Amino acid sequence: MAGRFVRASKYRHEQSYDNLRISKNAWDTNLIKANPEYISVNWEASGGGAFAVIPLSEKGRVPEQMPLFRGHTAAVLDTDWSPFNDSLIASASDDGKVFIWKVPENFTIYTDAEEPADVSPVARLSGHLRKVGHVLFNPAAENVLASSSGDYTVKLWDVEAGQAKLSLKHKDIVQSLSWSADGSQLVTTSRDKKLRVWDVRQEKPAVEVQGHHGAKSSRAVWLGEHDRIATTGFSRMSDRQLGLWDTRNPAQPVGGDFTFLDSISGVCMPFWDEGTQCLYLAGKGDGNIRYYEYENDKFEYLSEYKSPDPQRGIAFLPKRGVNLHENEVLRGFKTVNDSYVQPISFVVPRRAEMFQGDIYPPTNGLKAGTTAQEWFGGKTALPPKISLESVYEGEGPKEVPADYKPPHAAEPIQSPPPTKTEAPKPVEAPVPSPVTRGPPPSVSDNKASLAAGASKFADKDDESEDETSSFEEVPKPVERLSATAARQEEKTRGPIFVQEPEPSKSTPAPAAAPQSSQPTPAASTPTASTPAPTASGAAAGLKDFLAEIKNSVQQQADTLKQQNQIMADQSDQIALLLKKVNTLETKISSQGGDGEKDERIRELELELEEARS
């Protein structure tokens, strides 16, 4: 996967969105958001707050006078597009308000009017006491919006009703928030260095643990339909770090510690791509975007997009907005010099001219899993998936089961072999492939698939030339027949040559042999007792073998018993000698110094030496 981008130049505008006045507000947000139709940009406006909406198709230098989305009385800090309505957008402002906007039909930034008409909000949501820094739509429930504020709360809004129905109270300012795929949980990072996972409808954190230890801002992103969360932050020494968290065991990051990234001072903005199972990290204040593949509870580094132009904000398109015919798996938009937005295309380099099902699994469409009323009532459901193959063919988005995966059209031999954990194949596909919702096949998977294919062809080479099935050519295990059954067999099939085993062998030889039209005299009069000697001989041989083993074990046991007795006797002798030595030493020490006693001492010493020897 490679990042393709247009060289930054003030003389080249055909691929970028130039002549913008991007907000210079220092609040830590991404500044821009994107969907398949528009990008929104926080605008540096005088006399209140505003943001701009630019259609993706209108690239180049924007006019000096263009319609803006005005209504806030202070700077716009964040925006977010509805995942189920490409014309609906929410904004958060320094004035403490949340506004909902509707992009007019056939909206364009080019107009002949001297003063283009600005767009007004369709709904105003009031309830926060201080500035609102972030807004984020629920990815599964329609018209459910989360907003975080300087009053230390995250409010959950029913956009249809225009009121906040739930409130999540924090102990400090919220720095980032991210929804789980089914919209039932929300993860937040805060200035108090805590990582919290909220069961939002209970209005209390299910998890609250120590996050990154650094004083700078930290970010969190939910890894799609996994029960994992990725965080970026800083250590006490201001090194940038990456953390992976298991929501079922959140006491510490997976692996026991954070991963060191670098020592750059800018905040790292994380983005998750469910289709490729990749995590993208974009540095705020530098021009690099590194990306990792999530596999086996680890982030495997893939590559890095490098640019000399630093970005302050960045946004990525939903999967349904990428260019399928160019094998584009992701498209981002980065701000440069607070004056233009540059698209960045991440493309898998393939020459195939067919739909690439392995890199384009089903993705979320424009249909929600639940309504706002159902969601606030306690219902949880993933949104239905759409097939990108139908979009590739120029048809309308086709809804498919959540576990559906289109066949790999370009290189069918490289698709991974089915596993026990994969879901059943769809009935409607002519050549269904194993169902997986994981990442695309890795190099090791392709090698295993090629090896399996080679083994398949090797087996075919070993097969016999006749048309009979290989299962019929394999003889069944030999069954011992009774006398009556043996006679009946011989009457119906003719004589069978049976090779009796040698007495020393415990396993009889095969009993079946080719039939002969002219049997030998020895085999022409088979008897009913033919199999009996074989069975009795084998039983007798086995009994003798067991008897030999028993005798050998008994002999070894007797030998061991004798050795133990000898060792016991020697131990007794050693104890008596030690006792005698001690007695002699006592006598020597008690003798005096005259001649007779000296002579006695020498005798005792000799006895002592003899005892010691």
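The numbering scheme is per chain: residues are counted from 1 as the chain's sequence reads. Under the rules for a predicted model, residues below a pLDDT of 70 receive no local features and side-chain atom pairs below 80 are neither given nor counted, while totals for whole chains, interfaces and linings still include all residues. The basis for the side-chain values is all heavy atoms of the structure; hydrogens and waters are excluded.

Caption draft 1: Expanded view of the overall build of the protein chain. Helix numbering and strand numbering both begin at the N terminus, where a helix is a DSSP run of H or I of at least 4 residues and a strand a DSSP run of E of at least 2. Within the protein chain one finds eight helices and 33 strands. The buried label applies to any residue whose accessible area, calculated with a 1.4 Å probe on protein chains only, is under 20% of its type's maximum; exposed applies above 50%, and partly exposed to all values in between. Looking at the protein chain as a whole, 44% of its 613 residues are labelled buried. Any two residues whose heavy atoms approach within 4.5 Å at even a single point are treated as in contact. Intrachain contacts of the protein chain at a sequence separation of at least 6 include 52% that bridge at least 24 residues.

Caption draft 2: Quick look at the pairing of strand 14 (residues 153–158). Burial analysis of strand 14 places six of its six residues in the buried class, the great majority of the element. Burial along strand 14 is two-sided: the residues T153, K155 and W157 and V154, L156 and D158 are all buried. Two strands are counted as paired when DSSP detects at least two bridges linking them. Turn length for the strand 13 (residues 144–149)-strand 14 hairpin, with the two strands adjacent in sequence and antiparallel, is three residues, and the turn residue Y152 shows positive phi of about 70°. Of the pairings in the sheet, the one linking strand 14 to strand 15 (residues 163–169) comprises six bridges and is antiparallel in character. Across the sheet, residue D158 finds its bridge partner in strand 15, namely Q163. The turn linking strand 14 back onto strand 15 is made up of four residues, and G162 within it adopts a positive phi angle of 75°.

Caption draft 3: Seen up close, the pattern of salt bridges. Each salt bridge in this description consists of a side-chain nitrogen of Lys or Arg and a carboxyl oxygen of Asp or Glu lying within 4 Å of one another. Within this structure, the stated rule accounts for 28 salt bridges. K319 serves as the salt-bridge partner of D273, at 3.0 Å between the closest nitrogen and oxygen. Taken together, the residues span a long stretch of sequence, with D273 in strand 24 (residues 268–273) and K319 in the loop between strand 28 (314–316) and strand 29 (328–336) at a distance of 46 residues. For the pair D273 and K319, one class covers both residues: buried. For K298, the salt bridge identified is with E300, shortest N-O distance 3.6 Å. For K298, a relative accessible area of 48% gives the class partly exposed. When salt bridges with common partners are traced through the structure, they connect D227, R228, D246, R248 and D297 into a single cluster.

Caption draft 4: A look at the nonpolar core. The nonpolar core is taken to be a set of buried Ala, Val, Leu, Ile, Met, Phe, Trp, Tyr and Cys residues, with the residues joined through side-chain atoms within 4.5 Å. Counting 33 residues, the largest nonpolar core has F333 and V341 as the members making the most contacts within it. Looking at this core, the elements with two or more residues in it are strand 3 (32–34), strand 4 (38–43), strand 5 (50–55), strand 8 (76–82) and strand 10 (98–102). For this core, the leading source of residues is strand 5, giving five residues. For F333, the contacting residues outside a window of four places in its chain are Y17, I32, A34, I39, L56, G313, I314, A315, L317, V341, Q342 and P343.

Caption draft 5: Structural view of unusual backbone geometry. The backbone phi angle of N106 is positive, close to 55°, even though this residue is not glycine. Here N106 lies in the loop between strand 10 and strand 11 (123–125). Backbone geometry places D338, a non-glycine residue, at a positive phi of 55°.

Caption draft 6: Molecular detail of the confidence of the model for the protein chain. A residue's pLDDT is the confidence the predictor assigns to it, expressed on a 0 to 100 scale. The predicted model of the protein chain has a mean per-residue pLDDT of 79, with 73% of residues at 70 or higher. Confidence over residues 4–13 falls short of pLDDT 50; this stretch has 21 contacts with residues more than four positions distant or in other chains. Across residues 456–476, where pLDDT falls below 50, the model places three contacts with residues more than four positions away in sequence or in other chains.

Caption draft 7: Geometry of the sheet that holds strand 11. Taken together, four strands build an open sheet; the order of strands is 8-9-10-11 and the sheet is antiparallel. Strands at the two margins of the open sheet, each flanked by one partner only, are strand 8 and strand 11. Between one strand and the next, the sheet's axes are offset by a mean angle of 20°, whatever the strand orientation. Judged from the six bridges that link them, strand 8 and strand 9 (residues 85–93) form a sheet pairing that is antiparallel. When the sheet's bridge partners are listed, T79 is paired in strand 9 with S91. To obtain an axis, a line is fitted to C-alpha atoms, over the contacting stretch when the element is a helix, and the angle between two such axes runs from 0 to 180 degrees between their N-to-C directions.

Caption draft 8: Up close: the environment of E64. Here E64 shows up in the loop between strand 6 (60–61) and strand 7 (69–70). Among the residues examined, E64 registers a relative accessible area of 47% and is labelled partly exposed. Sequence spacing of E64 and R21 is 43 residues, and the spatial spacing of their C-alpha atoms is 10.0 Å. Beyond its immediate chain neighbours, meaning those up to four positions away, E64 contacts N19 and R21. A polar side-chain atom of E64 sits 3.1 Å from a polar atom in the side chain of N19. Two N or O atoms count as a polar contact when they lie within 3.5 Å, although within protein this holds only if one can serve as hydrogen donor and the other as acceptor, and sequence-adjacent residues are included solely when both atoms are side-chain atoms.

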